[in-house]
Amino acid sequence: MHLFLMTTEKHPESVEKGLFEKLTFESTVKKGELIISIHSEPLKSLSSSDKKIELIIHNMAKPKKIKGFSHTSDEVKKITRIPVVLKGSGKQIIRIKI
């Protein structure tokens, strides 16, 4: 599991004041499929809005299929980029055939 804190506030005390969201990333590989889940959770009294993020996967030249998402792949650099929209405070699951 990977944890990131994301803030849109340009305030030096944004973390101390709770002006951020917690993004949790988890991944598993099962039967030729990479499954990535992203969970967004606002902390304290913030309301959560939709967010656009770009998931960048290294050492993946060209996946066979990514269900429900567009993507771009650079076969030379072995990078796959997937634009993801996180709807409010919720969870997004990305399934990639490898």
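Conventions and cut-offs
Residues numbered from 1 in each chain as written. Predicted model: local features only at pLDDT ≥ 70, side-chain atom pairs only at ≥ 80, totals over all residues. Heavy atoms only, no water. Helix = DSSP H or I, 4+ residues; strand = E, 2+ residues; numbered from the N terminus. Salt bridge = Lys/Arg side-chain N within 4 Å of Asp/Glu carboxyl O. Buried < 20%, exposed > 50% of the residue type's maximum accessible area, 1.4 Å probe, protein only. Pairing = 2+ DSSP bridges.

J.: Would you explain unusual backbone geometry in this entry?
T.: It is generally the case that most residues other than glycine have a negative phi and that most peptide bonds are trans. The backbone phi angle of lysine 31 is positive, close to 45°, even though this residue is not glycine. When you line up the elements, lysine 31 lands in the loop between strand 2 (21-30) and strand 3 (33-42). Unlike most non-glycine residues, lysine 78 shows phi in positive territory, near 55°. Looking at the secondary structure, you find lysine 78 in the loop between strand 6 (72-74) and strand 7 (79-86).

J.: Sorry, what's going on with the pattern of salt bridges here?
T.: Any two side chains of opposite charge can pair, given that their charged atoms come close. This model, assessed by the stated rule, comprises two salt bridges. Among the ionic pairs, glutamate 54 bridges to arginine 81, the shortest N-O distance being 3.2 Å. With glutamate 54 in strand 4 (residues 51-58) and arginine 81 in strand 7, the pair connects residues that are 27 residues apart, well separated along the chain. Judged by its relative accessible area of 32%, arginine 81 is partly exposed.

J.: I keep staring at the pairing of strand 7 and nothing clicks. Help me out?
T.: Within a regular beta strand, the side chains point alternately toward one face of the sheet and then the other, so they alternate between its two faces. Across eight bridges, the pairing between strand 4 and strand 7 is antiparallel. Note that in strand 7 the partner of leucine 55 across the bridge is isoleucine 82. As paired strands, strand 6 and strand 7 are joined by three bridges and run antiparallel to one another. Along strand 7, the bridge assignment pairs threonine 72 with arginine 81. In this structure, the hairpin formed by strand 6 and strand 7 is closed by a connection of four residues, where lysine 78 is found at a positive phi of approximately 55°.

J.: I tried to follow the environment of lysine 77 on my own but got confused; where do I start?
T.: Residue placement: lysine 77 occurs in the loop between strand 6 and strand 7. As for lysine 77 and methionine 60, which are separated by 17 residues in sequence, their C-alpha atoms are 8.8 Å apart.

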